[in-house]
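Observations on the three-dimensional arrangement
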Amino acid sequence: MEYSKLVELYEQLNKTTKRLEKTHIISEFLKDVGVDDIEHVMLLLEGRVFPNYDSREIGVASRLMLKSLSVATGIGVDKIENEWKRQGDLGLVAETLVKTKKQATLHSTKLTVKKVFDNIRKLAELEGEGTVERKTQLIAELLTSAKPVESKYIVKTILGEMRIGVGGGAMRDAITWAFFGSKIGIKYTKEENDIQVEDREVYNKYLDAVQSAYDVTNEFALVAKAAKSKGLEGLENIGMKVGVPIKVMLALKVDAIEEAFETVGKPAAIEFKYDGFRIQGHKDEKGDIKLFTRRLEDVTKQFPDVVEFVKKNVKGKSFIIDSEAVGYDKKTGKYLPFQNISQRIKRKYDIDKISHDFPVELNVFDIIYYEGKNLINEEFEKRRKLLEKIIKQETKKIVLSKSKKVSEKKDVEKFFKEAVDSGNEGLMFKALNAPYKPGARVGYMIKFKSMMETLDLVIVGAEWGEGKRSKWLSSYTIACLDENNDFVGIGKASTGLKEKEEEGLSFVEMTRLLKPLIISEKGKEVRIKPKIVIEVGYDEIQKSPTYESGFALRFPRIEKLRDDKGTDEASTLDYVKKLYNGQKKS
Ligand code: AMP
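Rules used in this analysis
- Residues numbered from 1 in each chain as written.
- Predicted model: local features only at pLDDT ≥ 70, side-chain atom pairs only at ≥ 80, totals over all residues.
- Heavy atoms only, no water.
- Near = heavy atom within 4 Å.
- Polar contact = N/O pair within 3.5 Å; in protein donor to acceptor, adjacent residues only side chain to side chain.
- Areas by Shrake-Rupley, 256 points an atom, 1.4 Å probe, with all protein chains shown as cover.
- Helix = DSSP H or I, 4+ residues; strand = E, 2+ residues; numbered from the N terminus.
- Nonpolar A, V, L, I, M, F, W, Y, C, P; charged D, E, K, R; others polar.
- Axes fitted to C-alpha atoms, helices over the stretch in contact; angles between N-to-C directions.
- Parallel < 35°, antiparallel > 145°, perpendicular 65-115°, else oblique.
- Left-handed = near helix turned anticlockwise from the far one by under 90°.
- Contact = heavy atoms within 4.5 Å.
- 1 Å grid on protein atoms, 1.4 Å probe; cavity = no way out; pocket = protein on both sides within 12 Å on 5 of 7 lines; lining within 4 Å.
- Points joined across faces, edges and corners; volume = space filled by probe spheres on them.

1. What about the site of the ligand?
- The immediate surroundings of the ligand are formed by 13 residues, with E271, R278, E324, K430 and K447 found nearest.
- K273 is positioned with one of its side-chain polar atoms (N or O) 3.2 Å from an oxygen atom of the ligand.
- Between an oxygen atom of the ligand and a side-chain N or O atom of E324, the distance comes to 2.4 Å.
- Notes on the ligand: free accessible area 490 Å², of which the protein chains cover 90%.
- Mapped onto the shell around the ligand, the elements with two or more residues apiece are β4 (268–273), β12 (426–430) and β13 (445–448).
- The element that contributes the greatest number of residues to the shell around the ligand is β4, accounting for three residues.
- Residues that form the shell around the ligand fall into these classes: five nonpolar, no polar and eight charged.

The structure is reproduced here in structure tokens:
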């Protein structure tokens, strides 16, 4: 394919800011790209020549570009630099210079997408003596054959300054429309900037297939190629490749143990939630190890220690494991918070020293590929069993995440305490029968970071309800005890009580308890003699001028009636302050 075609596409995309229109323009373009060109086109479209996860860089700075422009056009570096100052963009400078030059020479061979792609890639591969000259030549070669507008985009691509304003979502849609548009029956109308599809369900099926293929490959270039050459089947069979990172599965958050069980089911696996950073470890058939972060950056070079553990302690010719690297204190062996080791992730020099000073332990919690087999559709429990078989645990090097199978709240509470006491953030809940869903936050994995201490509060006020609730007291004003043993308000709560008596502590029952305690009534508002103590959960304690205590509970939930407690045993304001301060630290 001629490079000029791709340049035309860039120009078209630059003319609009509308996402749907951009998507449509790309999808129309993709229909006409041949299988051999599609990977190059997709990468260049995103302004790259290497896949996302590839840490190689083109490595051409503005200085080198000035020199190359000079070689290509025969114009002095000083003059080009002045022009750069005037226009502020080397891409535009290239366009102007090449235009002047072309009028003089009228010589041109047609550039292909492949030629541009190959030359730019070669730039990254050059090393050693004479590199600058060879790089200059490679760039100049492209620029002497380029049309003015082509030179603008070549320069921008090489300098990493391509911005076409098309995000991942639009790329996914464009691929879907291009290769499955006729099956979906999709129509774009420019005037209204709108799309219509015949059948949403079919549309979603194709969209999901494209998205899933992207989740395991992380490269639209590969997804587009599979869709173009093999259609839906191509997407479904797109292989996981060791050495190519896969989007990690994400966790949902819950605040209550019951809620976690509701989502993942019983029994569930619970694990320590380590305060480190995620590492996806790959080993290929040749024995090469690669490590990626949660954002899929290659950090193999930064963690020679982890490479070593993975190599030595995990049995198998090829695999992909999911884990958390946690820093620990060299002297005491105690886990350290993430901040203490975060510097290791970006570090480029003195790697051995920093590995020694800030050691990490790898806590492995999942496996998604083993000996040529993709395991994402296997049940979690099976994946975990496999891990147990293949990992030779060595404390402070590589271990399995601490895990337990539980069904009872009290077991969770105990494990939570153990986790926090040994310096961890909390717990993760995992659904035993769940697959591994790359890139998704679907509730197969749930984080439970704080077991907010509940408060025992006294009801000092309430409101008569409205409509069918007019016979019920609700919206209870809840109070704690201040240093003078006075009740000071800290919020209003209703959530947690049931509408029907048979479901648990209900509004009816609460009204029955409170009615004899009414001191005074004003409109719907009722003052209540302090007698009833309830246990209240919440998301957070906030400062607030609304209540006498100076604090308010965010999302208060009535957990239960504490009829075993007298009002003198209610939580104190001092305790509330302590919890509030503790919250700020975490
Ligand atoms: P968060 O970063 O708060 O969304 O919590 C999810 C993160 O917890 C994951 O991305 C992992 O990096 C980390 N994590 C720590 N321990 C575990 C574990 N046992 N299982 C899964 N993820 C864990």
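From this point on, the discussion continues.
2. Notes on the packing of helix α4 (residues 62–73) against helix α5 (residues 77–87)
- Contact pair α4 / α5: the axes reach a minimum separation of 9 Å and the direction vectors enclose 120 degrees. Classified by the angle their axes make, α4 and α5 are oblique. Of the two elements, α4 crosses α5, and the hand of that crossing is right-handed. Contact residues: α4 offers S62, R63, L66, K67, L69, S70 and T73, while α5 offers V77, I80, E81 and W84.
- When the residues that make up the contact of α4 with α5 are grouped by side-chain class, the tally is five nonpolar, three polar and three charged.

3. Points about empty space enclosed by the protein
- With the rule as written, the count across this model stands at one cavity of 30 Å³ or more.
- Taken together, 10 residues form the lining of the largest cavity, with S4, K110, L111, K147 and E150 sitting closest to its centre.
- Split into classes, the residues belonging to the lining of the largest cavity amount to two nonpolar, four polar and four charged.

4. Brief notes about the packing of helix α11 (residues 200–217) against helix α12 (residues 220–236)
- Two numbers describe how α11 lies on α12: the axes approach to 10 Å, and their chain directions differ by 130 degrees. By the angle between their directions, the pair α11 and α12 is classed as oblique. For the element pair α11 and α12, the recorded crossing hand is right-handed. Contact residues: K205, Y206, A209, V210, A213, Y214 and T217 in α11; F220, L222, V223, L232 and L235 in α12.
- Classifying every residue of the contact of α11 with α12 by side-chain character gives 10 nonpolar, one polar and one charged.

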